[in-house]
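Secondary and tertiary structure notes
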Amino acid sequence: MKNILLLVHDDDGQFARLHTAIDLTRALDGHLICIDVTPSPVYAGNAYGGLGASVLLNDERENEARNKARMKERVAGANISWSWEDATGDFAQCVIDASNLADLIVLNRALDDYPLPDMRTITSRVLMHARKPIVAVPEEVESFNAKGRAIIAWDGQESVAATMRACVPLLQLASDVEIFMVRDGAAKIEPEEAAAYLARHGIHANVKIVEDGVHHADVLIENAARHWRAEYILMGAYSHGRLMEAFGGVTKRMLSNCKLPLVIGH
(Lines give C-alpha, C1' and ligand atoms only; values in the text may rest on other atoms or scores of the structure.)
Protein backbone atom coordinates (compact mmCIF):
# COMPACT_ATOMS: atom_id res chain seq x y z
CA MET A 1 0.00 0.00 0.00
CA LYS A 2 2.37 2.65 -1.33
CA ASN A 3 0.44 4.61 -3.96
CA ILE A 4 -2.02 7.15 -2.55
CA LEU A 5 -4.34 8.90 -5.02
CA LEU A 6 -5.69 12.34 -4.06
CA LEU A 7 -8.44 14.27 -5.83
CA VAL A 8 -7.39 17.92 -6.12
CA HIS A 9 -10.09 20.52 -6.68
CA ASP A 10 -10.83 23.88 -5.08
CA ASP A 11 -13.80 23.01 -2.85
CA ASP A 12 -14.63 23.05 0.87
CA GLY A 13 -13.26 19.55 1.42
CA GLN A 14 -9.95 20.02 -0.34
CA PHE A 15 -7.75 20.61 2.70
CA ALA A 16 -9.30 17.70 4.63
CA ARG A 17 -8.36 15.47 1.69
CA LEU A 18 -4.90 16.99 1.44
CA HIS A 19 -4.05 16.65 5.15
CA THR A 20 -5.33 13.07 5.18
CA ALA A 21 -3.42 12.11 2.04
CA ILE A 22 -0.17 13.63 3.27
CA ASP A 23 -0.50 11.89 6.66
CA LEU A 24 -1.21 8.54 4.99
CA THR A 25 1.63 8.91 2.51
CA ARG A 26 4.04 9.75 5.31
CA ALA A 27 2.81 6.93 7.59
CA LEU A 28 2.99 4.33 4.82
CA ASP A 29 6.27 5.68 3.40
CA GLY A 30 4.49 5.90 0.08
CA HIS A 31 4.01 8.11 -2.96
CA LEU A 32 1.22 10.69 -3.34
CA ILE A 33 -0.42 10.97 -6.77
CA CYS A 34 -2.36 14.23 -7.12
CA ILE A 35 -5.07 14.18 -9.80
CA ASP A 36 -6.14 17.79 -10.43
CA VAL A 37 -9.58 17.74 -12.05
CA THR A 38 -11.07 20.66 -13.96
CA PRO A 39 -14.74 19.74 -14.37
CA SER A 40 -16.51 20.07 -17.68
CA PRO A 41 -19.02 22.98 -17.54
CA VAL A 42 -22.52 22.05 -16.42
CA TYR A 43 -25.44 24.47 -16.77
CA ALA A 44 -29.16 24.34 -17.54
CA GLY A 45 -30.49 24.94 -21.03
CA ASN A 46 -28.56 25.95 -24.14
CA ALA A 47 -28.74 29.72 -23.90
CA TYR A 48 -25.01 30.24 -24.25
CA GLY A 49 -24.27 27.61 -26.88
CA GLY A 50 -20.68 26.62 -27.56
CA LEU A 51 -19.31 30.05 -26.63
CA GLY A 52 -20.85 29.85 -23.16
CA ALA A 53 -19.33 26.44 -22.58
CA SER A 54 -15.93 27.73 -23.64
CA VAL A 55 -16.16 30.71 -21.27
CA LEU A 56 -17.20 28.48 -18.36
CA LEU A 57 -14.42 26.01 -19.06
CA ASN A 58 -11.85 28.82 -19.28
CA ASP A 59 -13.06 30.19 -15.94
CA GLU A 60 -12.70 26.73 -14.37
CA ARG A 61 -9.23 26.36 -15.84
CA GLU A 62 -8.15 29.73 -14.47
CA ASN A 63 -9.52 28.89 -11.01
CA GLU A 64 -7.79 25.52 -11.00
CA ALA A 65 -4.53 27.04 -12.23
CA ARG A 66 -4.48 29.34 -9.20
CA ASN A 67 -5.45 26.47 -6.94
CA LYS A 68 -2.79 24.24 -8.51
CA ALA A 69 -0.06 26.72 -7.63
CA ARG A 70 -1.21 26.87 -4.00
CA MET A 71 -1.59 23.13 -3.66
CA LYS A 72 1.72 22.29 -5.30
CA GLU A 73 3.46 24.58 -2.84
CA ARG A 74 1.79 22.81 0.11
CA VAL A 75 2.57 19.31 -1.19
CA ALA A 76 6.17 20.23 -1.99
CA GLY A 77 6.60 21.48 1.57
CA ALA A 78 5.35 18.20 3.07
CA ASN A 79 8.63 16.39 2.43
CA ILE A 80 7.03 13.34 0.78
CA SER A 81 7.32 11.63 -2.59
CA TRP A 82 4.67 13.02 -4.95
CA SER A 83 3.63 13.52 -8.57
CA TRP A 84 0.96 15.56 -10.35
CA GLU A 85 -1.56 14.79 -13.10
CA ASP A 86 -4.05 17.16 -14.75
CA ALA A 87 -7.44 16.05 -16.06
CA THR A 88 -10.59 17.65 -17.47
CA GLY A 89 -14.00 16.04 -17.33
CA ASP A 90 -16.29 14.25 -14.91
CA PHE A 91 -14.87 14.13 -11.37
CA ALA A 92 -15.60 10.47 -10.67
CA GLN A 93 -14.51 9.23 -14.08
CA CYS A 94 -11.22 11.13 -13.92
CA VAL A 95 -10.46 9.57 -10.52
CA ILE A 96 -11.47 6.11 -11.75
CA ASP A 97 -9.24 6.48 -14.83
CA ALA A 98 -6.30 7.50 -12.63
CA SER A 99 -6.83 4.72 -10.09
CA ASN A 100 -5.45 1.74 -12.02
CA LEU A 101 -2.09 1.90 -10.25
CA ALA A 102 -3.35 3.34 -6.95
CA ASP A 103 -3.58 1.38 -3.70
CA LEU A 104 -5.72 3.88 -1.77
CA ILE A 105 -7.91 6.80 -2.88
CA VAL A 106 -8.61 9.87 -0.72
CA LEU A 107 -12.02 11.57 -1.17
CA ASN A 108 -14.62 13.32 0.99
CA ARG A 109 -17.57 11.54 2.56
CA ALA A 110 -20.33 14.11 1.88
CA LEU A 111 -19.92 17.67 0.58
CA ASP A 112 -23.09 17.65 -1.51
CA ASP A 113 -24.09 21.32 -1.43
CA TYR A 114 -24.30 23.38 -4.62
CA PRO A 115 -22.07 24.34 -6.38
CA LEU A 116 -20.28 21.18 -7.42
CA PRO A 117 -18.83 18.78 -6.54
CA ASP A 118 -21.40 16.38 -5.12
CA MET A 119 -18.70 14.42 -3.32
CA ARG A 120 -21.04 11.81 -1.87
CA THR A 121 -22.10 10.74 -5.37
CA ILE A 122 -18.50 10.92 -6.61
CA THR A 123 -17.31 8.75 -3.72
CA SER A 124 -20.09 6.22 -4.33
CA ARG A 125 -19.26 5.95 -8.04
CA VAL A 126 -15.54 5.59 -7.43
CA LEU A 127 -16.22 3.03 -4.72
CA MET A 128 -18.34 0.94 -7.09
CA HIS A 129 -16.05 1.10 -10.13
CA ALA A 130 -12.45 1.63 -9.02
CA ARG A 131 -12.45 -1.44 -6.74
CA LYS A 132 -9.81 0.12 -4.50
CA PRO A 133 -10.19 1.11 -0.83
CA ILE A 134 -11.28 4.71 -0.40
CA VAL A 135 -10.54 6.94 2.56
CA ALA A 136 -13.68 9.09 2.81
CA VAL A 137 -13.09 11.96 5.20
CA PRO A 138 -15.41 14.60 6.71
CA GLU A 139 -14.56 18.07 5.41
CA GLU A 140 -13.62 19.31 8.88
CA VAL A 141 -10.88 16.68 9.40
CA GLU A 142 -7.41 18.17 9.90
CA SER A 143 -5.30 15.01 10.16
CA PHE A 144 -5.31 11.22 9.89
CA ASN A 145 -3.68 9.34 12.76
CA ALA A 146 -2.67 6.01 11.24
CA LYS A 147 -1.08 4.99 14.54
CA GLY A 148 -4.24 5.35 16.57
CA ARG A 149 -7.05 2.86 17.15
CA ALA A 150 -8.82 1.27 14.17
CA ILE A 151 -12.24 -0.37 14.29
CA ILE A 152 -13.34 -2.83 11.60
CA ALA A 153 -17.10 -2.84 11.00
CA TRP A 154 -17.47 -6.53 10.23
CA ASP A 155 -20.56 -7.95 8.51
CA GLY A 156 -18.95 -11.21 7.43
CA GLN A 157 -19.23 -10.47 3.69
CA GLU A 158 -16.66 -10.49 0.89
CA SER A 159 -16.43 -6.71 0.61
CA VAL A 160 -15.18 -6.11 4.16
CA ALA A 161 -12.84 -9.12 3.92
CA ALA A 162 -11.33 -7.75 0.70
CA THR A 163 -10.99 -4.27 2.20
CA MET A 164 -9.32 -5.65 5.31
CA ARG A 165 -6.86 -7.71 3.24
CA ALA A 166 -5.97 -4.70 1.07
CA CYS A 167 -5.45 -2.53 4.15
CA VAL A 168 -3.20 -4.84 6.16
CA PRO A 169 -0.24 -2.42 5.81
CA LEU A 170 -2.40 0.35 7.27
CA LEU A 171 -3.80 -1.82 10.07
CA GLN A 172 -0.26 -2.87 11.01
CA LEU A 173 0.38 0.74 12.01
CA ALA A 174 -2.60 0.93 14.39
CA SER A 175 -2.01 0.89 18.14
CA ASP A 176 -5.14 -1.29 18.64
CA VAL A 177 -7.60 -2.99 16.29
CA GLU A 178 -11.14 -4.07 17.13
CA ILE A 179 -13.41 -6.19 14.93
CA PHE A 180 -16.95 -5.02 15.71
CA MET A 181 -19.89 -7.03 14.42
CA VAL A 182 -23.62 -6.40 14.55
CA ARG A 183 -24.99 -9.94 14.31
CA ASP A 184 -27.83 -10.31 11.79
CA GLY A 185 -27.46 -13.92 10.69
CA ALA A 186 -26.10 -13.10 7.22
CA ALA A 187 -22.38 -13.49 7.92
CA LYS A 188 -20.41 -15.77 5.63
CA ILE A 189 -17.14 -15.27 7.51
CA GLU A 190 -17.07 -15.14 11.29
CA PRO A 191 -15.17 -12.30 13.00
CA GLU A 192 -12.93 -14.80 14.81
CA GLU A 193 -11.69 -15.98 11.41
CA ALA A 194 -10.85 -12.38 10.51
CA ALA A 195 -8.95 -12.00 13.78
CA ALA A 196 -6.98 -15.17 13.05
CA TYR A 197 -6.13 -13.85 9.57
CA LEU A 198 -4.86 -10.57 11.00
CA ALA A 199 -2.87 -12.37 13.71
CA ARG A 200 -0.85 -14.09 10.98
CA HIS A 201 0.13 -10.59 9.83
CA GLY A 202 1.17 -9.58 13.32
CA ILE A 203 -2.05 -7.68 14.04
CA HIS A 204 -3.71 -8.73 17.29
CA ALA A 205 -7.36 -7.69 17.08
CA ASN A 206 -10.04 -8.13 19.72
CA VAL A 207 -13.54 -9.16 18.66
CA LYS A 208 -16.79 -7.61 19.87
CA ILE A 209 -20.19 -8.92 18.76
CA VAL A 210 -23.48 -7.12 19.37
CA GLU A 211 -26.93 -8.63 18.83
CA ASP A 212 -29.40 -5.78 18.40
CA GLY A 213 -32.49 -6.06 16.24
CA VAL A 214 -33.71 -2.55 17.01
CA HIS A 215 -31.04 -0.01 16.08
CA HIS A 216 -29.51 0.58 12.66
CA ALA A 217 -26.08 -0.99 12.30
CA ASP A 218 -24.49 2.35 11.37
CA VAL A 219 -25.64 3.88 14.67
CA LEU A 220 -24.18 0.97 16.62
CA ILE A 221 -20.91 1.14 14.66
CA GLU A 222 -20.53 4.88 15.21
CA ASN A 223 -21.33 4.58 18.92
CA ALA A 224 -18.80 1.78 19.33
CA ALA A 225 -16.13 3.75 17.47
CA ARG A 226 -16.78 6.87 19.55
CA HIS A 227 -16.76 5.06 22.89
CA TRP A 228 -13.61 3.14 21.98
CA ARG A 229 -12.00 6.36 20.70
CA ALA A 230 -11.16 4.95 17.29
CA GLU A 231 -9.33 7.16 14.81
CA TYR A 232 -11.04 5.62 11.78
CA ILE A 233 -13.52 2.94 10.73
CA LEU A 234 -12.71 0.28 8.14
CA MET A 235 -15.70 -1.31 6.42
CA GLY A 236 -17.00 -2.89 3.24
CA ALA A 237 -19.94 -1.61 1.26
CA TYR A 238 -22.78 -3.42 2.99
CA SER A 239 -24.81 -5.57 0.63
CA HIS A 240 -26.74 -8.30 2.50
CA GLY A 241 -29.41 -8.77 5.13
CA ARG A 242 -31.05 -5.89 6.97
CA LEU A 243 -27.81 -3.90 6.75
CA MET A 244 -28.47 -2.67 3.21
CA GLU A 245 -31.31 -1.44 1.01
CA ALA A 246 -29.80 -1.66 -2.49
CA PHE A 247 -26.72 0.60 -2.54
CA GLY A 248 -27.65 2.85 0.33
CA GLY A 249 -28.60 1.77 3.80
CA VAL A 250 -25.65 1.50 6.16
CA THR A 251 -23.10 2.53 3.55
CA LYS A 252 -25.03 5.62 2.48
CA ARG A 253 -25.76 6.71 6.03
CA MET A 254 -22.14 6.22 7.09
CA LEU A 255 -20.96 8.31 4.14
CA SER A 256 -23.51 10.97 5.00
CA ASN A 257 -23.26 11.16 8.77
CA CYS A 258 -20.12 9.58 10.19
CA LYS A 259 -17.80 11.98 12.03
CA LEU A 260 -14.74 9.77 11.59
CA PRO A 261 -12.75 8.97 8.44
CA LEU A 262 -14.03 5.84 6.70
CA VAL A 263 -11.74 3.37 4.97
CA ILE A 264 -14.25 1.66 2.73
CA GLY A 265 -14.10 -0.85 -0.11
CA HIS A 266 -16.46 -2.74 -2.39
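Residues numbered from 1 in each chain as written. Predicted model: local features only at pLDDT ≥ 70, side-chain atom pairs only at ≥ 80, totals over all residues. Heavy atoms only, no water.

**Remarks on the overall build of the protein**
Applicable threshold: Runs of E in the DSSP output that reach at least two residues are strands. Runs of H or I that reach at least four are helices, and both are numbered from the N terminus. Throughout, exposure labels follow a simple rule: accessible area from a 1.4 Å probe, protein chains only, divided by the maximum for the residue type, with under 20% read as buried, over 50% as exposed, and the rest as partly exposed. Residue contacts follow a heavy-atom distance rule, with two residues in contact if any of their heavy atoms lie within 4.5 Å. All accessible-area figures derive from a Shrake-Rupley calculation using a 1.4 Å probe, and residue coverage is judged against the displayed protein chains alone.
Check the secondary structure of the protein and you find nine helices and ten strands. Each of the 266 residues in the protein was classed as buried or not, and the buried ones make up 51%. Restricting the contact set of the protein to residue pairs at least 6 apart, pairs at least 24 apart contribute 80%. With the model as given, the accessible surface of the protein reaches about 12,100 Å², and the carbon-plus-sulfur share is 49%.

**Observations regarding the nonpolar core**
Let me state the cut-off plainly: Buried Ala, Val, Leu, Ile, Met, Phe, Trp, Tyr and Cys residues that are joined via side-chain atoms within 4.5 Å together make up what is termed a nonpolar core.
Counting residues in hydrophobic clusters, the biggest one holds 46 residues, and the most contacted among them are Leu-32, Ile-152, Trp-154, Leu-170, Leu-171 and Leu-198. By residue number, the principal contributor to this core is helix α1 (residues 14–27), which donates five residues. Each residue touching Ile-152, except ones within four places of it in the same chain, is listed here: Val-160, Met-164, Leu-171, Val-177, Glu-178, Ile-179, Phe-180, Leu-198 and Leu-234. In this structure, Ala-102, Ile-134, Ile-221 and Ala-225 belong to the second largest nonpolar core, which totals 42 residues.

**Observations regarding the confidence of the model for the protein**
The criterion, for reference: What pLDDT conveys is the predictor's confidence in a given residue, as a value from 0 to 100.
Averaged over the protein, the pLDDT score is 87; the fraction of residues at 70 or greater is 86%. For residues 240–247, every residue scores under 50 in pLDDT, and the model assigns this stretch 27 contacts once sequence neighbours within four places are set aside.

**So, helix α7 (residues 191–199)**
What counts is decided by this rule: What the arc measures is the spread of directions leading from the helix axis to the C-beta atoms.
Turning to α7, its buried residues are Pro-191, Ala-194, Ala-195 and Leu-198. Buried residues in α7, looked at end-on, bunch into an arc of 100°, giving them a common side. Of the surrounding secondary structure, the elements contacted by the buried residues of α7 are β6 (149–154), α5 (158–166), α6 (168–171), β7 (176–182) and β8 (205–210).

**A word on the sheet that holds β6**
Each strand in a sheet pairs with another by means of backbone hydrogen bonds, the pair being arranged parallel or else antiparallel. Here is the rule we go by: In this analysis, strands are considered paired if DSSP registers two or more bridges between them. Axis angles are defined between N-to-C directions and span 0 to 180 degrees, where every axis is a line fitted to C-alpha atoms and, for a helix, only to the segment in contact.
Across the sheet, ten strands lie side by side as β3-β2-β1-β4-β5-β10-β9-β6-β7-β8; this open sheet has mixed pairing. The two strands at the open ends of the sheet, each matched to only one other strand, are β3 (81–89) and β8. When strand polarity is set aside, the average angle formed by the axes of neighbouring strands in this sheet is 25°. When strand β1 (residues 3–8) meets strand β2 (residues 31–39), the two strands line up parallel, connected through six bridges. Bridge pairing in β2 places Ile-4 opposite Leu-32.

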